[in-house]
Each structure stands twice: as C-alpha cells, then as structure tokens.
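Summary of the model geometry
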Amino acid sequence: MKREHWGSRLGFILAAAGSAVGLGNIWKFPYMAGENGGGAFLIIYLALVFTIGISVMLAEFVIGRMSEKNAIGAFAKLKGGLWPVVGFFGVAAAFIILSFYSVVAGWTISYMIKSLSGALAIEDPAALGNIFGDFISDPVSPLIYHAIFMALTVLVVLAGVGSGIERASKILMPALFALLIILIIRSVTLPGGEEGVAFLLAPDFSKVTWNTVSDALSQAFFSLSLGMGAMITYGSYLSKKENIASSAGWVTLLDTAVAVMAGLLILPAVFAFGFDPSAGPGLTFITLPAVFAHMPMGSVFAFMFFLLLAIAALTSAVSILEVVVAYFVDDRGVSRKTAAIVIGVIIFALGIPSSLSLGVMSDVTFFGKSFFDLMDFISSNLLLPIGGLFISLFVGWVIWGKAKEEIAAHNGIVPAWISAWGLIVKFVAPVAIAFILLKGLGTF
Ligand code: LEU
C-alpha cells in the first residue's frame, strides 16, 4: 500500500510545529528561564537549539522520509541488526511521556472551566496554591480530565494523518498563534511589564552552572519533540518533493519563537504585579491566575490562556500517540482505529498512578521519586537523550552517504552546509548528549 502523504507543505509544518509547541514551551520554558537567570538561560537554550536541536530534527526527518516507516520499522528497513532498538526506545518514551503529559494537559482543561466560573479570580497566590494543591491531589477529578484529554487525542489520531492530524493542526495552530498574540499584547502593555521583558532579554550569567546547560539541553529535546520518534514518524509521511532541511528550520524557528513569546507573555505580567519569576512549575497554575485576577476582564484572559495551553498540549499529544499507533499499523497489521483506541486506553491507565502519586499515592516512591517524577525521569532524562544520541550516530555514521542524497532529493543539489551538519551529528551532538546523560544519572 502506498504511504499516506501530508496534503501540503504548510499542513506538514503546522503538524510538526504542533508537535513541538506544547506544555514544554508555554508551561515549562518560562519557569525554567525564571529559575535560571532569564536572558542567560535564553542564550544557552538558543545556542543549543540552533546547533544540536535543529540537526537532530533534520536527522529524524531524513530517517522518516527515507524509510517511509514508523520509528521502529524505519531502523529495521534502513539497516536492521540492533538498530530497531533505538526506535523501540522512542516508542517506549512516547508511550510513557503521553501518560503523564495527558494528566497535566487535563489540568489545563479543568483550569479553563475554573477560569470561566470565576473560581480563580483570587489575587492571593497562597490561596491559589491551595486550590491547585487540592485539585491535583484529588483522587478523582484530575482523572476525569485526563480521560477527556486522552479521548480528544485518540479522536484526532483515529481520523488519520490527513483528515485527523493535519486538519486539526491547520485549525488549532493559527488559533494558538492568535491567542498568544492577544495575550502578549495584554501582558507587555501592563505598567511595569518592561521589567519582565528586560529580565528575559538581559542575561545574568551569575546564575549559570553546568546544571543550567544540561537543563537547557533536556528542555531543547523535550520542546522540539526529539528522541521519541515523533519527527521520524511525521517525516515518514513526507513526499520526496519536500525540502526537509527548510522544514526542519521552520519547525525549529516556530517552536523557539513560541517559547520566547510565552516568556514575554508570562514574565512581564509576573513582574508587573510584583510576583516571583522563580516560582517554578506553579508559575502557570498558581502565579498566573493571581496575575489575571489583578486585570480588568481577568477571567476572560485566564480562560484564553488555559485554552492556549490545552490546544498546544493537544497537538503535541497527538504526535506522541501517532508514534505508537504508526508502529502497530505499519508493522503489526492492526487497524488505525483499533490501535488508537486500545493504545489510548492503555496510556490512560498508565497515567492513573502518575496522577494519584500527587495525592493519595504520594507515599509510594521509587528510588526516592513519586511515580509521576519517575515516569518523567525515565523518559525525559534517559530515553530521549539515548534516542537522540543514537539517531545522530545512525545518520552520521551508518547512512551518511544516503542521508546526503535524501537532503538533496527535492532538487538534486547537496547544500554547502552539509559538512557542518555532518560534524554535528557525527561528533558534537553525541558527545554533548552523552555528557548530559551521564550527568542525569548522577555520575558527575
Ligand atoms: N514538544 C512537546 C512540548 O514541548 C512535548 C513532546 C513530548 C511532544 O510540550
């Protein structure tokens, strides 16, 4: 059977950018910048994204389009041997990430409803902290939203690549950009907001340690959806006419722009009302509602913000579910419908202990971590870097000659920058990633 292709170049770029732009950009990036010296973190992050990040993304597109296969099947087709294990790690990472990603995405849906009902129109962050704490530790309510979010994700994937994923991305991504722009204008025009802009743009290198660098690299992988097979899978639906290098450039640029824009949305508002930019993961769910409560029509802006987060999360979740579904459809002969529903239900079930570990199961720890943190650690700190490391090595050393042809497939011209890319995938990325991996394991 001929593989389905994206309907248009724009459709593909929006879908891939939809995968990349997610909770990682809007929820995680601003608080990480807030904790790590603002502009200094931004500079390091940008440097890593535009060297290693963009190169690994291109490597994934090459593997996907060359093989026209899912993440595991791609390695089997291009080389075989033990290489499909790399794809297997990706599928495993996708599976695990979606289980807890969907829990957090569920919170955003609940917060949309809470904003509309006025339940968040409280100016005191301590009171909002209690609301957040009570909500996420509740044994039932977050699971209902987790189920709703997984159901939405399954519905999109079930409808297929063109009529599900591409169509949803073409509607949701422009909506996301519109919401983002409205909210940024509101935020930077607040009196006192300039301080937040300065914080994000003026670097304070005194806060930078090796940890900052390793956090920035992990964040780059997570944010660009690398190392989990998502870009291999999306790349496998690309036609040979597409210029994959420019696509990788666009997706990286859009993802980075949204992270910076989210910083510009959140930090000026936080500064304008005198809150702490280093509030950590609670910045979005605790500090931000307090900020909105200070504004005229705050509930409307709060609703728009959580809608923005939910949309960003949905297009990302869809890409992670597609990684797993594509494998079962391509290689196991399962129908798309059955695969999407059954895998969706299993991932939902795996998310239950993650959610409960923030409440009733908080005493149950594994190696000192809650179940939620354990899942996050195994996937983000181990599986993604391992995936990225071997994807780079595979393209740089195993299929390098063919990879160059794949880059030139649309016009027959091997671009001049190819040797710089070769240097990165052969040496720079593997060494840098190995460094982070060892650090993550606590070796040094
Ligand atoms: N790139 C996504 C994000 O930034 C996450 C990924 C796991 C799909 O939220």
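Residues numbered from 1 in each chain as written. Predicted model: local features only at pLDDT ≥ 70, side-chain atom pairs only at ≥ 80, totals over all residues. Heavy atoms only, no water.

1. Some remarks on the site of the ligand
Looking at the ligand, there are 14 residues lining it, with Ala 20, Gly 24, Tyr 101, Phe 222 and Ser 223 nearest. Between the ligand and Leu 23, the relevant distance is 3.0 Å, taken from an oxygen atom to a main-chain nitrogen or oxygen of the residue. A distance of 2.9 Å is found between a nitrogen atom of the ligand and a side-chain nitrogen or oxygen belonging to Ser 225. Starting from 290 Å² of accessible surface for the ligand in isolation, the protein chains cover 100%. Residue composition of the shell around the ligand, grouped by class: seven nonpolar, seven polar and no charged. (Near = heavy atom within 4 Å. Polar contact = N/O pair within 3.5 Å; in protein donor to acceptor, adjacent residues only side chain to side chain. Areas by Shrake-Rupley, 256 points an atom, 1.4 Å probe, with all protein chains shown as cover. Nonpolar A, V, L, I, M, F, W, Y, C, P; charged D, E, K, R; others polar.)

2. Digging into the packing of aromatic side chains
Under the criterion given, the structure shown has 31 aromatic pairs. Between the aromatic rings of Trp 27 and Tyr 31, the centroid separation amounts to 5.9 Å while the plane-to-plane angle is 65°, which identifies the pairing as edge-to-face. Taken together, the residues Trp 27 and Tyr 31, both in helix H2 (residues 23-35) and four residues apart, mark about one turn of the helix. The exposure classification of Trp 27 matches that of Tyr 31, with both residues buried. Taken together, the ring pairs in this structure connect Trp 107, Tyr 111, Phe 132, Phe 135, Tyr 145, Phe 285, Phe 292, Phe 305 and Phe 306 into an aromatic cluster. Over the ring of Phe 222 we find Lys 28, and its NZ or CZ is 4.9 Å from the ring centre. Seen from the ring of Phe 377, Lys 369 lies directly overhead, with NZ or CZ sitting 4.7 Å from the centre. (Phe/Tyr/Trp six-rings, centres within 6.5 Å; stacked < 30°, edge-to-face > 60°. Helix = DSSP H or I, 4+ residues; strand = E, 2+ residues; numbered from the N terminus. Buried < 20%, exposed > 50% of the residue type's maximum accessible area, 1.4 Å probe, protein only. Lys NZ or Arg CZ within 6 Å of the ring centre and 35° of its normal.)

3. Re the nonpolar core
Core analysis: the biggest nonpolar cluster contains 159 residues, and Trp 6, Ile 63, Phe 305, Leu 308 and Trp 421 have the highest contact counts within it. Looking at this core, the element that brings in the most residues is helix H14 (residues 298-331), giving 21 residues. Residues contacting Trp 6, with those up to four places away along its chain left out, are Phe 12, Ala 15, Val 161, Ile 165, Glu 166, Tyr 234, Tyr 237 and Leu 238. (Core = buried A, V, L, I, M, F, W, Y, C linked by side-chain atoms within 4.5 Å. Contact = heavy atoms within 4.5 Å.)

4. Brief notes about the packing of helix H3 (residues 39-67) against helix H16 (residues 371-398)
Relative orientation of the contacting elements H3 and H16 amounts to 65°, with a least axis distance of 9 Å. When you trace H3 past H16, the crossing you get is left-handed. In contact with Val 56, Ala 59, Glu 60 and Ile 63 of H3, H16 contributes Gly 388, Ile 391, Ser 392, Phe 394 and Val 395. In the contact of H3 with H16, the residues fall into six nonpolar, two polar and one charged. (Axes fitted to C-alpha atoms, helices over the stretch in contact; angles between N-to-C directions. Left-handed = near helix turned anticlockwise from the far one by under 90°.)

5. Considerations on the environment of Leu 321
Position of Leu 321 among the secondary structure elements: in helix H14. With a relative accessible area of 0%, Leu 321 lands in the buried category. C-alpha separation for the pair Leu 321 and Ala 94, spaced 227 residues apart in sequence, amounts to 7.1 Å. When sequence neighbours within four positions are dropped, the list of residues in contact with Leu 321 reads Leu 98, Thr 153, Val 154, Val 157, Ala 340, Ile 343, Gly 344 and Ile 347.

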